Amino acid sequence: MAAVSVSDFKDVLIVLATAGVVIPLLKRLGASTILGFLVVGIFLGPHVLGLAAQTIPALGLFAIGDPETIGGLAELGVVFLLFLIGLELSPERLLTMRRLVFGLGAAQVVFSLAAIITAALLLGLDQRAALVIGLALSLSSTAIVVQLFAEEKRLGSQAGRASFAILLMQDLAVVPMLMLVGILGQPTGGSLVLSISLALLQAFAAAAAIVLIGRYALRPLLKLVAVSNSPDLFLAAVLFIALGTGALATAAGLSMALGAFIAGLMLAETEYRRAIEAIIEPFKGLLLGVFFLMVGLRLDLHGALQMPLQLLTLAVAVVVLKALIIYGAARAFRVPRHAAFETALLLGPCGEFAFVIVGLSAASGLLANDVASTVLLVVSLTMMAIPVLARAGRPLITSLRDQASLGEMPPVLPADSHDHQVIIAGFGRVGSLVASMLDEHKLTYLAIDADAKSVTTARKDGHDVYFGDAADANFLRACGIERSVALAVTMDNPVRAEEIVKIARKLNPAIKIIARARDERHAMRLYLAGVTEAVPETIESSLQLGEALLVETGIPIGLAIASVHERRDGFRKLLGRPNRRERVEASRKRLRRKQTMER
């Protein structure tokens, strides 16, 4: 067996050090994660640290010599990103937001594409190159823009909804765009239109075959693994599905990312969707970071230094052109001026999929290397400008918002909203009874259970139940805990119940938590963990028994109920439950803290 050398995994160590040390430091300075990886990639590349290593050889230990050593990891980042996009594109969400997605979003894509293609043709590029550049530059950055709105807790604002609708349409458009680039990159001996038509037919046939296989194989596979109650096996199954469908798509002549997108789309309406999101998110974040690190490594800084004024002019022209189109389209769809302006400002810059499209086009010969390098530099400059534009535009946005009249835009489903008021952790006997009471009073809910068979049965009965671990913070975020009004913890597991309460309270300090307790000792621990109300089974059953006994022995029902309430209040005081005044004051403090965070 050959000895292992440090140089064999030096580049991987650098990537991990970047993700674990450098990026958190940059985030503390207010930098976006994606832009952080991009900047670090430029620094570690041949034009900065690599150049310095020629003078100081020791610096070569910290430079990535061959970007291709992490090329496979970078490609997986795009695969997992499209897999998650497929999971997010549920038919219900698209139907709710259809006016903005297929109206405003489609208008932005079509008009931006037409304008950029026309500009590229006027600059002397051939038709195929102009089309590819139009496809790449017409898209915006889903990762950075959504992150900006999420950090400010403004995904549900008018600008957040309009931006999300456009980004959602762009995500949908990415799939046919990638297919088109792959088709254009294939050698054609006859008519281009005929070649494209035949390739599209082949692609749709392959996609249909993947969907047919997945429809009858994916859900049973996940159910089989979920029944084993092994998180490790479930993780392995999810990774196998994402990568396996990608490999199947590649074998059929499609891209790996497209296959993963189809798999995500098929799993979007299953009970495993939110558990999958929670598992894939960390992988996606790291691997997508590697992708942007690799983009930074490949950027031609030497070329940028040779023509800085031309690059800056092109970058400004692209942002202004797209922003004008987005603003006009948003106003046409009755988006208020301040929201339309903010949307245009944030979506005018280019996005992460431009790197994918340009990379594929350069590899297939559709774009010359110098043209591809220039486009990538323009894309990088515009993406780096997004946080700057967001801050610079705030005074004008605030001024326009103060002048705006309310009600100009009809309500739609907020970005990443799950449209429920209550989360029920545990959907056994108690959880299903709570759900029926919520249904009776028209209160929306989302239920969680770790028993795959129970989840499948409940979903067949029409309940909104998902398989997953309610004690997993990532899973609770995927279920919308940060926007829910209340959480009901109904499971008969004291330790897990306390874990869930602590995590939920940390993720959403203002949420009301009602928890089932075994006895008074367990109730006291739950109050210490942060529940709003603990319901001890032993005490409640005793009180109900006492009430029935009083009534049956001739005590008037009103006096019996009053006696039960008096005893219940006494038990609450003994358990350490805060009195009404303390609870009101605590609620006010949590509300003020939440409002401060939102501002």
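Residues numbered from 1 in each chain as written. Predicted model: local features only at pLDDT ≥ 70, side-chain atom pairs only at ≥ 80, totals over all residues. Heavy atoms only, no water.

## Remarks on the overall build of the protein
- Counting its secondary structure elements, the protein contains 28 helices and 6 strands.
- Every one of the 599 residues in the protein was classed for burial, and the buried ones make up 48%.
- For the protein, the share of sequence-separated contacts (at least 6 apart) that also reach a separation of at least 24 residues comes to 73%. (Helix = DSSP H or I, 4+ residues; strand = E, 2+ residues; numbered from the N terminus. Buried < 20%, exposed > 50% of the residue type's maximum accessible area, 1.4 Å probe, protein only. Contact = heavy atoms within 4.5 Å.)

## Quick word on the confidence of the model for the protein
- For the protein, mean pLDDT is 79; residues scoring 70 or higher make up 81% of the total.
- Across residues 405–418, confidence stays below pLDDT 50; counting only partners more than four residues off in sequence or on other chains, it has 37 contacts. (pLDDT = per-residue confidence, 0-100.)

## Comments concerning the pattern of salt bridges
- As enumerated under the stated definition, the model contains 8 salt bridges in all.
- Between Glu 271 and Arg 459 there is a salt bridge, with the nearest N and O atoms lying 3.5 Å from each other. One end of the pair, Glu 271, is in the loop between helix H12 (256–267) and helix H13 (273–298); the other, Arg 459, is in helix H22 (residues 452–460), with 188 residues separating them in the sequence.
- Judged by its relative accessible area of 19%, Arg 459 falls in the buried class.
- A salt bridge links Arg 496 to Glu 499; the shortest N-O distance between them is 3.1 Å. Separated by 3 residues within a single helix, Arg 496 and Glu 499 lie in helix H24 (residues 494–507), roughly one turn from each other.
- Residue class for Arg 496 comes out partly exposed when judged on its relative accessible area of 29%.
- A relative accessible area of 33% places Glu 499 in the partly exposed class.
- When salt bridges that share partners are traced, they join Arg 219, Glu 271 and Arg 459 into one network. (Salt bridge = Lys/Arg side-chain N within 4 Å of Asp/Glu carboxyl O.)

## With respect to the environment of Asp 492
- Its location among the elements puts Asp 492 in the loop between strand S4 (486–489) and H24.
- Polar contacts involving the side chain of Asp 492 include one to the side chain of Arg 518, which spans 3.1 Å. (Polar contact = N/O pair within 3.5 Å; in protein donor to acceptor, adjacent residues only side chain to side chain.)

## A closer look at a nonpolar patch on the surface
- Among the surface-exposed residues, Phe 9, Val 12, Leu 13, Leu 16 and Leu 286 lie close enough to one another that they form a single nonpolar patch of about 390 Å² accessible area.
- In terms of residue count, helix H1 (residues 10–28) provides more of the nonpolar patch than any other element does, 3 residues in total.
- With respect to the helices and strands, Leu 16 occurs in helix H1.
- Judged by relative accessible area, which is 45%, Leu 16 ranks as partly exposed. (Patch = residues over 30% accessible without salt bridge, like charges linked within 9 Å, V, L, I, M, F, W, Y side chains within 5 Å. Areas by Shrake-Rupley, 256 points an atom, 1.4 Å probe, with all protein chains shown as cover.)

## Some words on helix H9 (residues 158–184)
- A rise of 1.5 Å per residue sets the reference length of H9, with its 27 residues, at 39 Å; its end C-alpha atoms lie 38 Å apart and thus fit the reference within 8%.
- Bending of H9 peaks at approximately 30 degrees at the position of Val 174, with proline Pro 176 no more than four residues after it. (Expected span 1.5 Å × (residues − 1). Bend = angle between axes of the 7 residues up to and from the residue.)

## Points about unusual backbone geometry
- Phi is positive for Arg 334, which is not a glycine, with a value near 65 degrees.
- Its place among the elements puts Arg 334 in the loop between helix H15 (308–332) and helix H16 (337–347).
- The exposure class of Arg 334 is partly exposed, given its relative accessible area of 44%.
- A positive phi angle is found at Lys 442, which is not glycine, with a value near 60 degrees.
- In this fold, Lys 442 is placed in the loop between helix H21 (429–440) and strand S2 (445–449).

## Topic: the packing of aromatic side chains
- Counted according to the given criterion, the structure contains 3 aromatic pairs.
- Considering the side-chain rings of Phe 234 and Tyr 272, the 6.3 Å spacing of their centres and the 45 degrees angle between planes classify their relative orientation as tilted. With Phe 234 in helix H11 (residues 231–251) and Tyr 272 in the loop between H12 and H13, this residue pair connects regions lying 38 residues apart in the sequence.
- Residues Tyr 272 and Phe 467 carry aromatic rings whose centres are separated by 5.6 Å and whose planes lie at 65 degrees to one another, so their mutual orientation is edge-to-face. With a gap of 195 residues between them, Tyr 272 in the loop between H12 and H13 and Phe 467 in strand S3 (residues 465–467) connect regions that are remote in the sequence.
- Site record: aromatic cluster; members linked through ring pairs are Phe 234, Tyr 272 and Phe 467.
- Against the face of Tyr 466 rests Arg 274, its NZ or CZ located 4.4 Å from the ring centre.
- Its guanidinium or amino end placed over the ring of Tyr 466, Arg 459 lies 5.0 Å from that ring's centre, counting from NZ or CZ. (Phe/Tyr/Trp six-rings, centres within 6.5 Å; stacked < 30°, edge-to-face > 60°. Lys NZ or Arg CZ within 6 Å of the ring centre and 35° of its normal.)

## Let's talk about the environment of Ala 115
- Along the chain, the position of Ala 115 falls in helix H6 (residues 98–122).
- Using a relative accessible area of 22% as the deciding quantity, one classes Ala 115 as partly exposed.
- Residues Ala 115 and Leu 321 lie 206 residues apart in sequence; the distance between their C-alpha atoms is 8.0 Å.

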